[in-house]
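This is what each chain is made of:
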Amino acid sequence: ARSRELTQALMAGLRKIDGVKVWTHTDPERSLAVVSFLPGNLDPHKLGDKLYTMDRIGSMIRGGADRGGLRLSPHIYNSMAEVDRALNAIQRYMKSGA
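Source: prediction; values computed, not measured.

Would you explain the packing of aromatic side chains in this entry?
The description of an aromatic ring pair uses the distance of the two centres, along with the angle that the planes make with each other. For the coordinates displayed, the defined rule picks out 0 aromatic pairs. Over the ring of Tyr 52 we find Arg 56, and its NZ or CZ is 4.2 Å from the ring centre. Against the face of Tyr 93 rests Arg 92, its NZ or CZ located 4.9 Å from the ring centre.

Is there a simple way to explain the sheet that holds strand β3 (residues 60–62) in this structure?
Where strands meet in a sheet, backbone hydrogen bonds hold them as pairs that are either parallel or antiparallel. The antiparallel open sheet is built from 4 strands, whose spatial order is β1-β2-β4-β3. Bordering the open sheet on either side are β1 (20–22) and β3, each of which pairs with just one other strand. For this sheet the average axis-to-axis angle between neighbouring strands, irrespective of direction, equals 35 degrees. With 3 bridges connecting them, β1 and strand β2 (residues 35–39) associate as antiparallel partners. Each residue of the ladder has a partner; that of Val 20, found in β2, is Pro 39. Relative to β2, helix α1 (residues 2–15) is tilted by about 15 degrees, and along the sheet it contacts β1, β2 and β4 (69–72).

Procedures and definitions
Residues numbered from 1 in each chain as written. Predicted model: local features only at pLDDT ≥ 70, side-chain atom pairs only at ≥ 80, totals over all residues. Heavy atoms only, no water. Phe/Tyr/Trp six-rings, centres within 6.5 Å; stacked < 30°, edge-to-face > 60°. Lys NZ or Arg CZ within 6 Å of the ring centre and 35° of its normal. Pairing = 2+ DSSP bridges. Helix = DSSP H or I, 4+ residues; strand = E, 2+ residues; numbered from the N terminus. Axes fitted to C-alpha atoms, helices over the stretch in contact; angles between N-to-C directions. Contact = heavy atoms within 4.5 Å.

Quick look at the structure:
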């Protein structure tokens, strides 16, 4: 239940950021603890690097020609404050074009 709550909050926040395309299914039964998204025109590799080096937020690159981007995996040991921190960082980079 905790992982679903964090996952749904992360997806809802990502959907509010201009240019972000969330790939993960919206049904909570099909989206437990994995959120994949395309960060608009930003290079997913560069964004992933910035999130880690500047904000200490770990992510994985989702490669391939179909539905590429980044993946975040909120789990029970994460807090809602950490989800908010990730969303704020992603929004900041989307606005700056970094």
